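Descriptive structure summary
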Amino acid sequence: MLERSVGLDELPRLADLLSTTAGCLSIRLEGWRDGDGKSWLQLGIAGEPVLCCQRCLGGVKFPLLIKSRLQLLAPGEEWPDDDLVDDSADAIAAEKALAVLSLIEDEVLLALPIAPRHEQCESPRGNASQQGSSPFAALAALKKH
Ligand SMILES: [Zn+2]
């Protein structure tokens, strides 16, 4: 079993959706082979990424707890034998690490809400009546040009 934390800045597709890439996800990874020779991967992901609220653009913490079980299929590819020389084993491990990060990112992206929002917050538009006094109003005005 493997346990490590992955920085949110290591997951570029996810980072695009976040208010901040500070922080990390805790990953638990366990692989085994069953009696039929099928390979399985149990993936656990926990963390609290901060998404962008679609209403006020502020940060929204999203508690994440994912557990998924995947069957590993490698068409036309046998799993390496235990007696492989160390050099090639290292190369395989490195490739797998990359694939696993991408897998983790896919799982997280699937779990995230499409339009994250605070349960209660004020839309920047709500400040329009105080024209000139709100930094949001000034920003909005700038963006129109
Ligand atoms: Zn909000």
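Residues numbered from 1 in each chain as written. Predicted model: local features only at pLDDT ≥ 70, side-chain atom pairs only at ≥ 80, totals over all residues. Heavy atoms only, no water.

**Comments concerning the confidence of the model for the protein chain**
Worth spelling out the cut-off: The quantity called pLDDT is the predictor's confidence in a given residue, expressed from 0 to 100. In this analysis, two residues are considered to be in contact whenever any of their non-hydrogen atoms come within 4.5 Å of each other.
Averaged over every residue, the pLDDT of the protein chain is 80; residues scoring 70 or more account for 68%. Scored below 50 in pLDDT, residues 128-132 makes 0 contacts in the model with residues more than four places away or belonging to other chains.

**Examining the coordination of the zinc ion**
The criterion, for reference: Distances define the donors: N, O and S atoms within 2.8 Å of the metal qualify, as do those within 3.2 Å of Na, K or Ca. Water is excluded, so some sites may look unfinished. In this scheme the shape depends on donor count and angles: four donors with every angle between 85 and 135 degrees give tetrahedral, four or six donors with opposite pairs above 155 degrees and others between 65 and 115 give square planar or octahedral in turn, and any other case is irregular. The buried label applies to any residue whose accessible area, calculated with a 1.4 Å probe on protein chains only, is under 20% of its type's maximum; exposed applies above 50%, and partly exposed to all values in between.
The coordination sphere of the zinc ion, as far as protein atoms go, consists of C53 (SG), C56 (SG), H118 (ND1) and C121 (SG), spread over 2.0 to 2.3 Å. Around the zinc ion, the 4 donor atoms sit at angles spanning 103 to 114°, and that spread fits a shape best called tetrahedral. A relative accessible area of 0% places C53 in the buried class. Look at H118 and you get partly exposed, because its relative accessible area is 23%.

**Some points on unusual backbone geometry**
As a reminder, the rule being used: The helix count covers DSSP runs of H or I at least four residues long, the strand count covers runs of E at least two residues long, and both are numbered beginning at the N terminus.
Its identity as a non-glycine residue notwithstanding, L57 has a phi of 70°, on the positive side. Tracing the backbone through its elements, the reader meets L57 in the loop between β5 (50-52) and β6 (59-61). Owing to a relative accessible area of 57%, L57 belongs among the exposed residues under this scheme.

**Looking at the nonpolar core**
To keep things clear, this is the line we draw: What makes a nonpolar core is a set of buried Ala, Val, Leu, Ile, Met, Phe, Trp, Tyr and Cys residues whose side-chain atoms join them at distances within 4.5 Å.
Judged by nonpolar contacts, the single largest core of 20 residues is most densely connected at L14, L25, I45 and V108. Elements that contribute at least two residues to this core include exactly β3 (24-33), β4 (39-47), β7 (64-72) and α2 (86-111). A per-element tally of this core places α2 first, with 4 residues. Apart from residues lying up to four places away in sequence, L25 is in contact with R4, S5, V6, L8, L11, L14, I45, A46, G47, P49, L64 and V108.

**With respect to the sheet that holds β5**
This is how the line gets drawn: Being paired, for any two strands, means DSSP has found at least two bridges between them. Lines fitted to the C-alpha atoms define the axes, with helices restricted to the stretch that makes contact. Angles between their N-to-C directions range from 0 to 180 degrees.
Spatially, 3 strands are ordered β2-β5-β6 in an open sheet, and the strand pairing comes out antiparallel. The open sheet has two edge strands, β2 (18-20) and β6, and neither has a second partner. Strand after strand, the sheet turns through a mean of 50° between neighbouring axes, direction not considered. Relative to β5, β2 runs antiparallel, the two sharing 2 bridges. Residue pairing for β5: L18 is matched across the bridge by L51.

**Describing the pattern of salt bridges**
Going by this rule: The term salt bridge refers to a pairing of a side-chain nitrogen on Lys or Arg with a carboxyl oxygen on Asp or Glu at a separation within 4 Å.
This model, assessed by the stated rule, comprises 5 salt bridges. Linking E3 and R28 is a salt bridge whose minimum nitrogen-to-oxygen distance equals 3.6 Å. Highlighted residues: E3 in strand β1 (residues 2-7) and R28 in strand β3, separated in sequence by 25 residues. Residue R28 is classed as partly exposed on the basis of its relative accessible area of 44%. A salt bridge links K61 to E48; the shortest N-O distance between them is 4.0 Å. Of this pair, K61 sits in strand β6 while E48 is found in the loop between β4 and β5, placing the two residues 13 residues apart along the sequence. Look at K61 and you get exposed, because its relative accessible area is 56%. Residue E48 is classed as partly exposed on the basis of its relative accessible area, which comes to 42%. Look at the salt bridges and you will find they share partners, linking R13, E105 and D106 into a network.

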